[in-house]
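Chains, contacts and geometry: an overview
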Amino acid sequence: MPISFASTRARTAAVSLFLLAALPDCTCADRERNNAYHAYIQSEIDQYTHAGTREQVAADARQLLLDRGFELPPWDGNARASTEWKETGDATRMRWHVDASAQAGGTKIRFTAETQQRKPPTWTRDSRRRDLEVEHELLSRLAPDRAAKVKVEEVGQETYDLDSKTLWTQIQASFAHRGESFLQRDPPVDITSSTDWVEHLGDEPSRVRHDAQIVSAGPGRYRIELHRVIERGSSTREWTTTEERRDGLVELDLVRRRDPTAASAIEVGAQRRGQQAYDEAIDDGAIACSR
């Protein structure tokens, strides 16, 4: 008995779901649904007017942002009001701008999110010195009895009769314990391998890395040289705006607080429009695409 599907859409959707199980990317249909959903909300919000004076709407907008952790200064709805900056990461921050305008029958209001990134420091070499303390720790790992007899300041001339691969494995393990890692896998015999930089950002930025080299010291013998490199960063780091956009979902949130019925109608309409766009994309054979 032949297998039948209720429609081309059902067959295509079934194939899409099967393929998506093995795909890390989003589907074109999902993207179309998301775009249509947000576009519908933005369109409806553009046409929506809040009942009440600018002062009344401004008070509710101020409370909405306060609930989100952003405080507006006292504001009566005139001109633009902006929150203080709030850091969202080591080098990112954001704030909100709010604009209100009196309209026939009420007030329109707009929320704009501004995001900034701090420019990375300009780094300058401060020092590069032999790290005998770490070399001594490594000697303690490789030859504990010998380490007990050798002073830290004397460890730089120690040689090992271990093969380079074993030495490199031990060096990597020692630095992994310190939270540092080397990108190079093969033993750096007579060449230099470096760890990633470990940055310390603040009023006086700095960063540290280690250079490692396994030096040939005769047939079957090697010496280990570890250097600690320090760089200082410029203390003045400018902020640059990377994005400034209206946020229709926050504007819808204000509608939801002041007029739940209207907000519900907008959301239902957005969901329907999003599903329609999804179905149309499935019908067109849009299965998968890059994000």
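The rules we used
Residues numbered from 1 in each chain as written. Predicted model: local features only at pLDDT ≥ 70, side-chain atom pairs only at ≥ 80, totals over all residues. Heavy atoms only, no water. Helix = DSSP H or I, 4+ residues; strand = E, 2+ residues; numbered from the N terminus. Expected span 1.5 Å × (residues − 1). Buried < 20%, exposed > 50% of the residue type's maximum accessible area, 1.4 Å probe, protein only. Polar contact = N/O pair within 3.5 Å; in protein donor to acceptor, adjacent residues only side chain to side chain. Contact = heavy atoms within 4.5 Å. Axes fitted to C-alpha atoms, helices over the stretch in contact; angles between N-to-C directions. Parallel < 35°, antiparallel > 145°, perpendicular 65-115°, else oblique. Left-handed = near helix turned anticlockwise from the far one by under 90°. Nonpolar A, V, L, I, M, F, W, Y, C, P; charged D, E, K, R; others polar.

This part takes up helix H8 (residues 260-283). Its 24 residues give H8 an end-to-end C-alpha distance of 35 Å, which sits within 8% of 34 Å, the value for a rise of 1.5 Å per residue. Glycine 285 sits one or two positions beyond H8 and adopts a positive phi of about 85 degrees.

Before going further, it helps to spend a moment on the side chain of histidine 210. Of note, histidine 210 is situated in strand S9 (residues 206-216). Given the relative accessible area of 1%, histidine 210 is considered buried. Separated by 3.1 Å, the side chains of histidine 210 and glutamate 180 make a polar contact. Beyond its immediate stretch of four places on either side in the chain, histidine 210 contacts Asp131, Val134, Phe175, Arg178, Glu180, Phe182, Ser193, Ser194, Thr195, His227 and Arg228.

A few words now on the packing of helix H2 (residues 28-47) against helix H7 (residues 248-258). Contact geometry of H2 with H7 gives a least axis separation of 9 Å together with a crossing angle of 55 degrees. The orientation of H2 with respect to H7, classified from their angle, is oblique. The interaxial crossing formed by H2 with H7 has left-handed handedness. Along the contact surface, H2 presents His38, Ile41, Gln42 and Ile45, while H7 presents Gly248, Leu249, Glu251, Leu252 and Val255. Partitioned by chemical class, the residues of the contact of H2 with H7 number five nonpolar, three polar and one charged.

Keep in mind these values describe shape, not function.
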